[in-house]
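For reference, the chains in residue letters:
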Amino acid sequence: MRPAKCLRNAGVLIAAALFVAVPLSAWAQGWKPEKPVEIIVGCAPGCGPDNMARQMQRVFQTHRYVDSPISIQNKAGGGGTVARTYLNQFEANGHYLYHGDRGALAAHAMGRSGYTDVTAVAILFGEYIGVAVKADSPIKSGRDLIERLRKDPAAHSFGIATSLGNANHQAVAGTLKRAGVDIRKTGNVVCQAGALAITAMRGGHIDVVPVSLGSWVSHMKTGTVRVIAVSSPERLQDVFSGIPTWREQGANSVVFNWRAMYGPRGMTPVQVAYWENIFQRLIDTPEWKSEMVKVSGVDNFMGAAQMKKYMEEDYAEIRSFLVELELAKR
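Residues numbered from 1 in each chain as written. Predicted model: local features only at pLDDT ≥ 70, side-chain atom pairs only at ≥ 80, totals over all residues. Heavy atoms only, no water.

Draft legend 1. Molecular detail of the overall build of the chain. When helices and strands are tallied, the chain shows 12 helices and 10 strands. Relative to the 2.2 N^0.38 estimate, which gives 20 Å for 330 residues, the radius of gyration of the chain is 20 Å and therefore close to what a compact globule would have. Structurally, the chain occupies a C-alpha span of about 65 × 45 × 35 Å along its principal axes. Relative to its full complement of 330 residues, the chain shows a buried share of 56%. In the chain, of all internal contacts separated by at least 6 residues, the share reaching a separation of at least 24 is 78%. Accessible surface, the chain: about 14,100 Å² in total, of which carbon and sulfur atoms supply 51%. (Helix = DSSP H or I, 4+ residues; strand = E, 2+ residues; numbered from the N terminus. Rg over C-alpha atoms; globule rule 2.2 N^0.38 Å. Buried < 20%, exposed > 50% of the residue type's maximum accessible area, 1.4 Å probe, protein only. Contact = heavy atoms within 4.5 Å. Areas by Shrake-Rupley, 256 points an atom, 1.4 Å probe, with all protein chains shown as cover.)

Structural data, given as structure tokens:
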């Protein structure tokens, strides 16, 4: 999936719409955090979402965008289900936020707590998936991997963070299925964070890992891994310019994962508008822009109203995809 093209003034338009919908008295009173704020992530410390949440924490406190103390809560398990369940203990409380991704849509399609159980706040950015092996792996390319698994689907194991059905899994399972591999026979090991999957691969415990592109940069510089495919529609620039897409290697597969902020169910429009404005300011800071370059992120900001519409459209595609992978019921 290609990232959506968004207008830079989307937040202004959404805020205007909310202004019409919310009584003037509510706006006059306003809302801002009066207690400590928690940003919840659904994976272990050191994972991609954890790193991004800690960058938010630094920016908010450095620029004093948020006066209240901010802490990061790691609630790993169930591909974000544990985190979303924890979040919803604080219904209608704007002091709790969850940094997740389109995995919330996949969870809903598979019958778990998903995107309909939380409040949409904003999509911040997106990223493609890089599929890698150890530098000394006998797997030389994405095409080589496909050919090996056509002959024997169980020949190589995959480390999937943090649940089956998510974007990382889709970036290999969907590709292999379309290339004629029986994915029901492939070996998958679910890890609580991308960093843990990479560590397991480097230790020789699993063979292939698909994770966000930014997770591979430091390992590529040290020469310990070889990225054999990217899930983008065309080749990327800079450090990834020499890595072919799946399409170039005979598999018509594109996977784009967006990263978003959610609140607990029942958040009020004024609470949503407050955080929507804060995150719009966040993505315009030099620190955040520098982080986007570092993780190879794609600017993809959407406010709450646009995010909800986008999720509904994306859900139909994800559900169809998961049915194809036999991970969701028809």
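Don't stop here, the text continues.
Draft legend 2. Up close: the confidence of the model for the chain. Looking at the chain, pLDDT values average 90 and 91% of them are 70 or higher. Across residues 1–28, where pLDDT falls below 50, the model places 47 contacts with residues more than four positions away in sequence or in other chains. (pLDDT = per-residue confidence, 0-100.)

Draft legend 3. Region of the structure containing the layout of surface pockets. In this structure, the largest pocket spans a volume of roughly 740 Å³. Contributing to the lining of the largest pocket are 43 residues, with Cys47, Gly48, Pro49, Ser215 and Arg259 lying nearest its centre. The greatest single-element share of the lining of the largest pocket, amounting to five residues, is contributed by helix H8 (residues 194–202). Here the residues of the lining of the largest pocket sort into 15 nonpolar, 21 polar and seven charged. (1 Å grid on protein atoms, 1.4 Å probe; cavity = no way out; pocket = protein on both sides within 12 Å on 5 of 7 lines; lining within 4 Å. Points joined across faces, edges and corners; volume = space filled by probe spheres on them. Nonpolar A, V, L, I, M, F, W, Y, C, P; charged D, E, K, R; others polar.)

Draft legend 4. A look at the pairing of strand E6 (residues 187–191). Both strand E5 (residues 157–161) and E6 contribute to a ladder of five bridges, which runs parallel. Bridging from a neighbouring strand, isoleucine 160 pairs with valine 190 of E6. Between E5 and its parallel partner E6, the chain crosses via helix H7 (residues 167–178), and the hand of that crossover is right-handed. (Pairing = 2+ DSSP bridges. Right-handed = clockwise from strand over helix to strand, strands pointing away.)

Draft legend 5. Layout of unusual backbone geometry. For the peptide bond that leads from alanine 161 to threonine 162, omega is 0°, which places it in the cis range. Mapped onto the elements, threonine 162 comes out in the loop between E5 and H7.

Draft legend 6. Representation of the packing of aromatic side chains within the structure. Counted by the stated rule, this structure contains 11 aromatic pairs. Where phenylalanine 90 meets tyrosine 96, the ring centres are 3.7 Å apart and the plane angle is 5°; that geometry is what we call stacked. Among the residues examined, phenylalanine 90 registers a relative accessible area of 19% and is labelled buried. On the numbers, 6.4 Å between centres and 50° between planes, the contact of tryptophan 258 with tyrosine 310 is tilted. Taken together, the positions of tryptophan 258 in strand E9 (residues 256–264) and tyrosine 310 in helix H12 (residues 304–324) put the pair 52 residues apart, joining distant regions of the chain. Each member of the pair, tryptophan 258 as well as tyrosine 310, is classed as buried. Lysine 75 extends its terminal NZ or CZ atom over the ring of tyrosine 86, reaching a point 4.4 Å from the ring centre. (Phe/Tyr/Trp six-rings, centres within 6.5 Å; stacked < 30°, edge-to-face > 60°. Lys NZ or Arg CZ within 6 Å of the ring centre and 35° of its normal.)

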